[in-house]
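The lines below spell out each chain.
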Amino acid sequence: MTGPAGRALRLTVFVGEDDTWHHRPLYSEIVHRAHRAGLAGASVFRGIEGFGATSLIHTSRLLSLSEDLPVAVVIVDAEEAVRDFLPRLAELVGEGLVTLDEVEVVRFAGPGNAGGEGGA
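Bear in mind the structure is a predicted one, so any value in this text is a computation, not a measurement.

Colleague: Sorry, what's going on with the pattern of salt bridges here?
Modeller: Where charged atoms of side chains with opposite charge meet at close range, the side chains can pair. Applying the stated criterion to the full structure yields 8 salt bridges. With its nearest N and O atoms 3.5 Å apart, the salt bridge here joins Asp101 to Arg10. Note that Asp101 is positioned in strand β8 (residues 97–105) and Arg10 in strand β1 (residues 6–16), a separation of 91 residues in sequence. Judged by its relative accessible area of 29%, Asp101 falls in the partly exposed class. For Arg10, a relative accessible area of 32% gives the class partly exposed. Of the charged contacts in the structure, one is a salt bridge between Glu29 and Arg24, with a shortest N-O distance of 3.3 Å. Accessibility expressed as a relative area gives 8% for Glu29, which makes it buried. Because the salt bridges share partners, they merge into one network encompassing Arg24, Glu29, Arg33, Arg36 and Glu91.

The structure is reproduced here in structure tokens:
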């Protein structure tokens, strides 16, 4: 990120928990590629229920249906950095949903950055 606050782009990738890339969880591959690309950060959120293109509902409430739960990988960074990452993502996501949203960063702080000054 270029600064502590202001406009940014949020990239969200919705995939299944069981989706893989070369025998590795797809969500993990996306996070590692985002890290190598120098993006500000990435988080993975596991859903407790959902459905996608197959219209099959996956839920954690029933043991028989608790497989392949929905997963969202969320990345927020400057627009240019996120858009530069999209081609690297395109080769990974065969099935899934990828969205972009303009967001306003209110506070961005990390180690050595408690006051919200500077980047990642």
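There is more to say after this.
Colleague: Help me out: how do you make sense of the environment of Gly38 in this one?
Modeller: The residue Gly38 is located in the loop between α1 (26–36) and β4 (42–46) in this model. Sequence separation of Gly38 and Ala81 is 43 residues, and the distance between their C-alpha atoms is 8.4 Å.

Colleague: I'm lost on unusual backbone geometry in this one. Help?
Modeller: A negative phi angle characterises most non-glycine residues, just as the trans form characterises most peptide bonds. Even without glycine at this site, His22 takes up a positive phi of about 50°. Relative to the helices and strands, His22 resides in the loop between β2 (20–21) and β3 (24–25). What makes His22 exposed here is its relative accessible area of 63%. A positive phi angle is found at His23, which is not glycine, with a value near 70°.

The rules behind each value
Residues numbered from 1 in each chain as written. Predicted model: local features only at pLDDT ≥ 70, side-chain atom pairs only at ≥ 80, totals over all residues. Heavy atoms only, no water. Salt bridge = Lys/Arg side-chain N within 4 Å of Asp/Glu carboxyl O. Helix = DSSP H or I, 4+ residues; strand = E, 2+ residues; numbered from the N terminus. Buried < 20%, exposed > 50% of the residue type's maximum accessible area, 1.4 Å probe, protein only.

The quantities given are spatial measurements derived from coordinates; they are silent on function.
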